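Single-letter residue listing:
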Amino acid sequence: MNLKVLAAAAALCVSQSFAIIGLGFHYAPGFGTKLKGAPDPAPVATINDPLTGEPATSINFNHGDFSGTMQGFGVKLWVDILPIIDVEATMNIQFGSYDASLWVEDKEIPLEIELGGTPFGKANPKFVAMNGDLSITYPFTMLPIIRPYIGGGVTYYLNTFVLNQGFVSGVVGDVADDLMQIANSEMPTDPAMLEAWQQEQMNRLQDAGEKLKQNVQDKAVDEGLKTSIGGHLLVGMRAKLPIIPVAAYANYKFYFGGDFADEIDFGRHAVEIGVGLAI
């Protein structure tokens, strides 16, 4: 009896343990992406005093930077039934956050925006890189449980814009009229009314800054995603025990091609570490 059990177990272990099709979810950080910051507030609108011609009110803008690892996650579908080659289809999303602020005179208004086409609500601005990969892989099938492979394929990139000075300058719009009215407001000659007038001016400047903030948010939703085509190379492995319909996998990918915002130095390296159902 014991010999039969051992023989059956040995036969099971040396048999191929890979599935026809699998669906997995994975952690997918990206490495090396950098956003060039603009730390010094730069003017996006200046309203001159109509009497002196000198600048009376200004709106400035600046944004921070980030570098290093972008956090990410993804989903993968793979097919092992084809002869000689296997096929993988992967969708990943990676993101890095940065700070951005409007300045009305010397008052800072931190920006929170909502990016259309991404799963994030209103939050600090983010550069979001999404990609769909279609990969052809060549497996090495000499091992019964672990299946190494190499391959490559085409990548479809979808990326958000960067909230920069040019973007904000394009949405000043009717806020400039509000600022003109503030600049043309006459200072009262009665000292008793001066404090109330100054407070009113500050409130109006605050309202103008909030209005511009809303304009930025509205355009951010309409801006959509920038799309482009590139490719990738990969090396990885899957592991699956016999009978059990669960597989683990790990990939390293090097990306090339694609079109990104000028402020973005896109990192070309990513890993995928996940588990899935393998049938």
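Residue numbering note: each chain is counted from 1, following its sequence as written. For this predicted model, a pLDDT threshold of at least 70 governs which residues receive local features, and a threshold of 80 or more governs which side-chain atom pairs are given and counted, while totals over whole chains, interfaces and linings are taken from all residues. To obtain the side-chain values, all non-hydrogen atoms of the structure were included, while hydrogens and water were left out.

Student: I'm lost on the side chain of Asn60 in this one. Help?
Tutor: Within the element layout of this structure, Asn60 appears in strand S4 (residues 55–63). Relative accessible area decides the class of each residue, using a 1.4 Å probe on protein chains only: under 20% of the type maximum gives buried, over 50% gives exposed, and in between gives partly exposed. The buried category is assigned to Asn60, whose relative accessible area is 16%. What Asn60 contacts, discounting residues up to four positions off in sequence, is Pro41, Ala42, Pro43, Val44, Ser101, Leu102 and Trp103. For helices the rule is a DSSP run of H or I covering at least 4 residues; for strands it is a run of E covering at least 2, with both sets numbered from the N terminus onward. Two residues form a contact once any of their heavy atoms are found within 4.5 Å.

Student: When you look at the pattern of salt bridges in this model, what are you seeing that I'm missing?
Tutor: Opposite charge on two side chains lets them pair, provided their charged atoms get close. What makes a salt bridge here is a side-chain nitrogen of Lys or Arg within 4 Å of a carboxyl oxygen of Asp or Glu, nothing more. The tally for this structure, following the rule as stated, stands at 10 salt bridges. Between Asp80 and Arg147 there is a salt bridge; the shortest N-O distance is 4.0 Å. Of the two residues, Asp80 sits in the loop between strand S5 (66–79) and strand S6 (86–97) while Arg147 sits in strand S10 (residues 146–159), which places them 67 residues apart along the sequence. A relative accessible area of 9% places Asp80 in the buried class. Residue classification places Arg147 among the buried positions, given a relative accessible area of 8%. Among the salt bridges present, the one from Lys253 reaches Asp133, with a minimum N-O distance of 2.9 Å. Residue Lys253 is found in strand S12 (residues 246–257), and its partner Asp133 is found in strand S9 (residues 126–139); the two are separated by 120 residues along the sequence. By the burial criterion, Lys253 is buried, and Asp133 matches it. One salt-bridge network, in which partners are shared between bridges, spans Lys76, Asp80, Asp86, Glu88, Asp133, Arg147, Arg238, Lys253 and Glu272.

On their own, these measurements won't tell you what the molecule is for.
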